[in-house]
Amino acid sequence: MAVFNLGTLAVCGASIAVLLPLISKLSAPAPPRRAKRLGDPTYDLEKIDAPAATGAKLRIVAWALADSPVAPLLRRFLINQNGADELQDLALQVVDEGKSTVAYTPMHRLTTEEWKRHEAAASGAGSVKTLLQEGFDGQPPGPGVYVTVEDYARAYKSSAWTPTSAMERLLQAIRKLPAEYRVFVTVLEEDVRKQAQDSEQRILKGEARSIFEGVPIAVKDMVSVRGHPFSEGTVWPAGDRHNKRAEEDDNTVRLFREAGAIILGTTVMTEFGVTPLGYSVHFKGPVNAYNGSYYCGGSSSGSAVAVAMGLVPVAVGMDGGGSIRIPAAMEGAVGLAPTYGRVPDSSPDTLFGTMVKTGPIAATTRDAALAHAVMSQSVSSHIFTRLYGEPFGVPPVHLEGFMDLNLRGIRLGVFWDHFNDAEPLVVEACKAALETLKTLGAEVVPVALPHLKALSLAHGLDISTEFSTFFGNLLYNGHNLEPGTRIQLGLGYTISGVEFNSANILRGWALKYMHEEVFKKLNVQAIVSPSMGILPPKMPEDVTAAGESNTPLIMQMMKYIFLGNLLGLPGISVPVGYDDNTKLPVSMHLMGAHWEEAVLLRLANALETRHLQRKKPSAFFDLRAEL
Ligand SMILES: *[C@@H]1O[C@H](CO)[C@@H](O)[C@H](O)[C@H]1NC(C)=O
């Protein structure tokens, strides 16, 4: 029984008298201070201040930040610590300048002339219709490590393989995967067999729907697939609507089915996609295909590992802060997060996010390009089409110049202070790749990206607000959430309206700045950087217990990638090297102007063809050897 005497009461009283003013100072949003001039080109991204924890410590931190009586105060303190006041300061300068508008969606409208240029490309040599029937001209660079979409098409055409025999082998392989590489959440075997038989019939009748006929595709478990439950990386209580099998396909899945592809199954992701580390505590995996002691990257974790392991040539991912490009980078695959509004996805819980883009993770750039062509066919009633308006809104998809390895005329922007702010091995590998692009004729132009620190915070605040809007109620209804998810969802509730609005005012300014000062004035086609500031990080021993919450580490993974989400710009990650010791891949990121995926894919293809000899990961399934 607790004993209170006058002495302890006095001590308590005195501490409260001292602490309350301090707590109220720390826990109110800080007023803005004049810190930086708007447009100051100095590189300012710095390490961020936040607790890192695993295991029991993480559970305590999560309790303190999400469930304790002082949780809101502590969260406020954390947000203040990371310079949220700078956002309002910059936003006020944007308002004073009076040239930009607030951006709630990262849209960029093309002029009618620009739109027509895309249309001309789409009906010329870059036409995806012919491509999806015939594949690319010329020989692929190899028999490579991976069985590509074109390899499947050739093998089916020559009757060397059939969809039913290929899918049977894959189903066997999936059943036998070791626990840490169980990348699929749901594989409906009978459904896969049925799809394979239908596909085989079409091939026999000479009615293959496209180059994707009979090709297996994996889909992140955040995208609706008919007949599959929809877990979004969490475990729903029995009877929850999410456990019901989806009645309809997401548009992206429908487009793949219409192209003849076989939907093999849904893949493991981190809970609601909140962490890019990649490990799911609920599913106890997956781990890196190149080295099982390391994180695989996420949140489209299973999609990237399935591709790296050779189980599928293409997987569908979703990317709100790198969730396609980070796992692709860490698994030595190609990941494309397209322009905001490009892919007409239609799954619940994602349509209302302004950061999230659906896109492909693929074994090769050619496969990424083919998948992009399938997924990016616009749907006229879709919200994106209505948002951009018709007839000159969303431009038609094309792959202009994809096979052209002569890069004369291409200008690559590099913000050197940013580029060099990575582990030496990463910088070295990316510089070597840049040299290859220069050898092929590209020119390197120095650029500046002002306010990366504030923009990174703006991305963090915006996406946290969005996450908590969709999933935050789960904090309060007893849902079994991972501790890291609890912290993240709690943070979203603590962001003030002034901060959210300031973030979007700065977002509007940066959208305009990128288009006018970088893409137009400097005539730059892509901004080149490492994909991540570090090599894939090692998993802590006790990651299985509660996962890991480590914002400083995550920032190292997201520092080059978040801007594409905040501003709706397309970005691609492509492997450019390997670490000899760990065997882990190193990747490069290229970011373009809105709707300019074709030039990014072209540059990635140049790197794939001329720069890197791909290596097999240690966890690999070789379909060629089995058939
Ligand atoms: C994984 O990385 C460790 C270093 O952390 C290295 O010693 C080991 O050989 C690597 N494993 C493989 C399969 O390459």
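In this convention, every chain numbers its residues from 1, walking through the sequence in written order. Confidence filtering applies because this is a predicted model: local features only for residues at pLDDT of at least 70, side-chain atom pairs given and counted only at 80 or more, and all residues used for totals across whole chains, interfaces and linings. Excluded from the side-chain calculations are hydrogens and water; all other atoms, namely the structure's heavy atoms, are used.

Going by the annotation in an unreviewed UniProt entry, the name recorded for the protein chain is FAAH protein, with Symbiodinium necroappetens given as the source organism. UniProt positions are given in the numbering used here, feature names are shortened, and annotations may be inferred rather than shown by experiment. Reading the Sequence similarities (unreviewed entry) entry of the UniProt record for the protein chain gives the comment "Belongs to the amidase family."

Go over the environment of A52, please, and point to the residues and values.
Along the chain, A52 falls in strand β1 (residues 52–54). By relative accessible area, which is 34% here, A52 ends up partly exposed. Sequence-wise, A52 and N550 are 498 residues apart; in three dimensions their C-alpha atoms are separated by 4.2 Å. What counts as a helix is a DSSP run of H or I of at least four residues, what counts as a strand is a run of E of at least two, and both are numbered from the N terminus. Only protein chains enter the area calculation, which uses a 1.4 Å probe; residues under 20% of their type maximum are buried, those over 50% are exposed, and those in between are partly exposed.

Give me the lowdown on the side chain of D221, citing residues and values where you can.
Tracing the backbone through its elements, the reader meets D221 in the loop between β3 (216–220) and α10 (251–258). Summary of buried charges: D221 has no salt-bridge partner, and the nearest side chain of opposite charge, K220, is 10 Å away. At 2.3 Å, the side chain of D221 forms a polar contact with the side chain of S231. If near-sequence neighbours (up to four positions away) are discounted, D221 is found in contact with V185, P229, F230, S231, E232, G233, T266, T267 and M269. When charges are counted, Lys and Arg contribute as positive and Asp and Glu as negative, whereas His and the chain ends are disregarded. Each reported salt bridge corresponds to a side-chain nitrogen of Lys or Arg within 4 Å of a carboxyl oxygen of Asp or Glu. As used in this structure description, the phrase polar contact means that two N or O atoms lie within 3.5 Å; if the pair is within protein, one of them must be able to donate a hydrogen and the other to accept it, and residues adjacent in sequence are counted only when both atoms belong to side chains. Should any heavy atoms of two residues lie within 4.5 Å, those residues are considered in contact.

Please provide a residue-by-residue account of the site of the ligand, values included.
Proximity is defined per residue: if any heavy atom of the residue lies within 4 Å of a molecule or strand, that residue is considered near it. In the vicinity of the ligand, the residues found are N291, Y294, K538, N581, T582 and K583. Here an oxygen atom of the ligand sits 2.3 Å away from a polar atom, N or O, in the side chain of N291. The side chain of Y294 places a nitrogen or oxygen atom 2.6 Å from an oxygen atom of the ligand. Surface accessibility follows the Shrake-Rupley procedure with a 1.4 Å probe radius. Residue values consider only the protein chains on display as shielding. Contact with the protein chains removes 56% of the 360 Å² of surface that the ligand exposes when unbound. Grouping the amino acids of the shell around the ligand by side-chain chemistry returns 1 nonpolar, 3 polar and 2 charged. Side-chain classes follow a simple rule in which Ala, Val, Leu, Ile, Met, Phe, Trp, Tyr, Cys and Pro form the nonpolar group, Asp, Glu, Lys and Arg form the charged group, and the remainder, Gly included, forms the polar group.

Which residues make up the environment of P338, and what values do they have?
In this structure, P338 sits in the loop between β6 (334–337) and β7 (357–362). Apart from the residues within four sequence positions on either side, P338 is in contact with V343, K357, T358, G359, L569, P570 and E597.

Report on helix α17 (residues 452–471), specifying residues and quantitative values.
One less than the residue count of a helix, multiplied by 1.5 Å, gives the span that helix is expected to have. Look at α17: 28 Å from first C-alpha to last across 20 residues, which is about the 28 Å you get at 1.5 Å a residue. For α17, a buried count of 17 out of 20 residues is recorded, marking the element as mostly surrounded by other parts of the structure.

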